[in-house]
Amino acid sequence: MKLNLILCGLLVCFSLAAQYPTLSQESEVSLITIGPGPNLVDCFGHSAFRVQDPALNMDRAYNYGVYDSDEDQFIMKFVTGSADYMVDARPFDQFFRSYKAQNRWVTEQVLNLTLEEKQAIFEYLENNSLPQNKYYRYDQFYDNCATKLRDIPKEVLGDKLVFSGAHIKGKVTLRDLVDENAYNHPWWDLGIDIALGNLIDRASTVEDLMYQPDYVLSAYAHATIEREGQSVPAIKATNQLFTSDFHEKPKEVLSPTLTLSVVALIFMIFTVRDYMTKRRSRWIDFVLFFVTGLVGLMLVLLWVATHHTTTVNNLNILWAFAPNLVVAFLLLKAKPKPWLMVYVRFLVILLIAMTMVWITRLQVYNTAMIPLMLMLGFRYVFLWQKGLGGTRKRAF
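Residues numbered from 1 in each chain as written. Predicted model: local features only at pLDDT ≥ 70, side-chain atom pairs only at ≥ 80, totals over all residues. Heavy atoms only, no water.

J.: What is the right way to look at the overall build of the protein chain in this model?
T.: Each helix and strand counted, the protein chain has 14 helices and 10 strands in total. Radius of gyration (C-alpha) of the protein chain: 27 Å, far over the 21 Å computed for a compact globule of 396 residues. Each of the three principal axes of the protein chain carries a C-alpha extent, and together these read 90 × 60 × 40 Å. Here the protein chain holds 396 residues, and 45% of them are scored as buried. (Helix = DSSP H or I, 4+ residues; strand = E, 2+ residues; numbered from the N terminus. Rg over C-alpha atoms; globule rule 2.2 N^0.38 Å. Buried < 20%, exposed > 50% of the residue type's maximum accessible area, 1.4 Å probe, protein only.)

Written out as structure tokens, the structure is:
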């Protein structure tokens, strides 16, 4: 009997919780796009929903970009692709003030919806904001704050909401947008390019590109809603709520291309010296093979041991070859095993394959990789030649 009463009470509570306010004709549902900021986590911009209704004295922001950095093992969860983000519903003025204080532009696009469509989106957002529903598995490209602005109206409106993509000129890939938005963080851009595979080098649709907030803004500016046999603009008003004077510029003094060019030049000078003196600087080989092997091991782990959807099919393993991690220690010996010469030739073949992959754009590499490729190729060919015949073989 007591159990039945408890169950009935829970059902009543759930029923009451599911009763959402009815919006008035004055209500509006808007998309909020926020410009980039100076920090890495801010350089891609941000997105949120806004629902306002003067008749209900309501003005709320629904922010899908909230996470708890103090959560137990959050960094490890983020690295392994198992981090959960959540939606936070709060008064819009609080939300707006926080981004205004960060000097980030804020643009509002008011959706051109019927009252029934506004109510449906509002109830969807309110339901998502419930404690049991507010968490979702974050994905940089496929489930983030920006994609929610694409997916939730699409789920309510269905095929009536059409993103034409006519404003996008030429082939644009997800990697292009990463490079575009990480412009002022070139070292992080290099790291991202190394960590992600060739899935993000495919030609993208307008909806694929809407993982970026500013592409959500432009996509909706050109979108339409099919209603009663006619196409009407998806956006009925655009309001610039705050204009920022922030300008993106590279934060790092030394760019990856310059730094790696200097490092490559130093290693190549040592290699020429080794060739002229018929010696082999074992520390050079250890450093090159250990670093490339360690990076290769991390790429393999990102590929097979995480939940990330875009770290698979990563052809950076053609230069960051995980077995190098073991070979590095074998090359510390004055007379390495003869089979290592075959191994070095194989590494040269991998670098040639990497070049072909880049030319055919099967995967696009960061331009900072050019001096690194030249340095590795130069050293590998030296080792190959030192292992061939005569005194050079004995001098190895």
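Having put the structure on the table, let's press on.
J.: Please clarify how the pairing of strand 2 (residues 46-53) should be interpreted in this entry.
T.: Sheet faces and side chains relate simply in a regular strand, where the side chains alternate between the two faces. Among the eight residues in strand 2, seven count as buried, and that is most of the element. With antiparallel pairing between neighbouring strands as the criterion, strand 2 and strand 3 (residues 58-66) make up a hairpin whose turn holds four residues, including Asn57 at a positive phi of roughly 55°. (Pairing = 2+ DSSP bridges.)

J.: Would you mind going over the pattern of salt bridges with me for this structure?
T.: Pairs can form between side chains of opposite charge whenever their charged atoms are close. Taken as a whole and assessed by the stated rule, the structure comprises 19 salt bridges. Note that Asp274 and Arg273 form a salt bridge whose closest N and O atoms lie 3.7 Å from each other. Judged by its relative accessible area of 1%, Asp274 falls in the buried class. Three or more residues are tied together by salt bridges with common partners; here these are Arg273, Asp274, Arg280, Asp285 and Arg379. (Salt bridge = Lys/Arg side-chain N within 4 Å of Asp/Glu carboxyl O.)

J.: So what exactly am I meant to see when it comes to the packing of aromatic side chains here?
T.: The geometry of two aromatic rings is summed up by the distance between their centres and the angle between their planes. What the rule picks out here adds up to 23 aromatic pairs. Three or more aromatic residues joined by ring pairs make a cluster, and in this case those are Phe49, Tyr64, Tyr67, Phe74, Phe78, Tyr85, Tyr136 and Tyr138. The ring of Tyr136 is capped by Lys148, whose NZ or CZ atom sits 4.3 Å from the centre of that ring. (Phe/Tyr/Trp six-rings, centres within 6.5 Å; stacked < 30°, edge-to-face > 60°. Lys NZ or Arg CZ within 6 Å of the ring centre and 35° of its normal.)

J.: What exactly am I supposed to notice about the packing of helix 7 (residues 186-195) against helix 9 (residues 256-277) here?
T.: Describing two packed helices takes the angle between their axes plus the distance from one axis to the other. Two elements in contact, helix 7 and helix 9, have axes separated by 9 Å at closest approach and are oriented at 75°. It follows from the interaxial angle that helix 7 and helix 9 lie roughly perpendicular. Contacts from Pro186, Trp187 and Leu190 in helix 7 reach Pro256, Thr259 and Leu260 in helix 9. Here the contact of helix 7 with helix 9 is built from residues that sort into five nonpolar, one polar and no charged. (Axes fitted to C-alpha atoms, helices over the stretch in contact; angles between N-to-C directions. Parallel < 35°, antiparallel > 145°, perpendicular 65-115°, else oblique. Contact = heavy atoms within 4.5 Å. Nonpolar A, V, L, I, M, F, W, Y, C, P; charged D, E, K, R; others polar.)

J.: I'm lost on the packing of helix 5 (residues 145-157) against helix 8 (residues 213-221) in this one. Help?
T.: Where helix 5 contacts helix 8, the two axes come as close as 7 Å, and the packing angle between them is 35°. Judged by residue contacts, Ala146, Leu149, Arg150 and Pro153 of helix 5 engage Pro213, Val216 and Tyr220 from helix 8. Broken down by class, the residue content of the contact of helix 5 with helix 8 amounts to six nonpolar, no polar and one charged.

J.: Looking at this structure, I do not really get the environment of Asn144. What am I missing?
T.: Relative to the assigned elements, Asn144 resides in the loop between strand 6 (135-137) and helix 5. Residues Asn144 and Ser47 lie 97 residues apart in sequence; the distance between their C-alpha atoms is 9.1 Å. Within the structure, Asn144 has its side chain in polar contact with the backbone oxygen of Gln140 (distance 2.8 Å). (Polar contact = N/O pair within 3.5 Å; in protein donor to acceptor, adjacent residues only side chain to side chain.)

J.: Any chance you could explain the sheet that holds strand 9 (residues 230-233) here in plain terms?
T.: Sheet strands pair by backbone hydrogen bonding; their relative direction is either parallel or antiparallel. Taken in spatial order, the three strands line up as 7-8-9 in an open sheet, and their pairing is antiparallel. Sheet topology places strand 7 (161-162) and strand 9 at the edges, where each strand pairs with a single neighbour. The pairing of strand 8 (residues 224-227) with strand 9 spans four bridges and is classified as antiparallel. When the bridges of strand 9 are listed, Glu226 appears paired with Ser231.

J.: Even after reading the chapter, I still don't get helix 6 (residues 174-181), so can you show me in this structure?
T.: Given 3.6 residues per helical turn, the α-helix brings residues three or four places apart onto the same face. Turning to helix 6, its buried residues are Leu174, Arg175, Leu177, Val178 and Asn181. One side of helix 6 carries all its buried residues, which in axial view fall inside an arc of 160°. (Arc of directions from axis to C-beta.)

J.: What is the right way to read helix 7 from this model?
T.: Of all the 10 residues making up helix 7, seven are buried; the element is thus mostly covered by neighbouring parts of the structure. Along helix 7, the positions that sit buried rather than exposed are Pro186, Asp189, Leu190, Ile192, Asp193, Ile194 and Ala195. Buried residues belonging to helix 7 abut helix 6, helix 9, helix 10 (282-304) and helix 13 (369-386).

J.: I keep staring at the environment of Val326 and nothing clicks. Help me out?
T.: Among the secondary structure elements, Val326 is positioned in helix 11 (residues 324-330). Separated by 186 residues in the primary sequence, Val326 and Gln140 place their C-alpha atoms 33 Å from one another.

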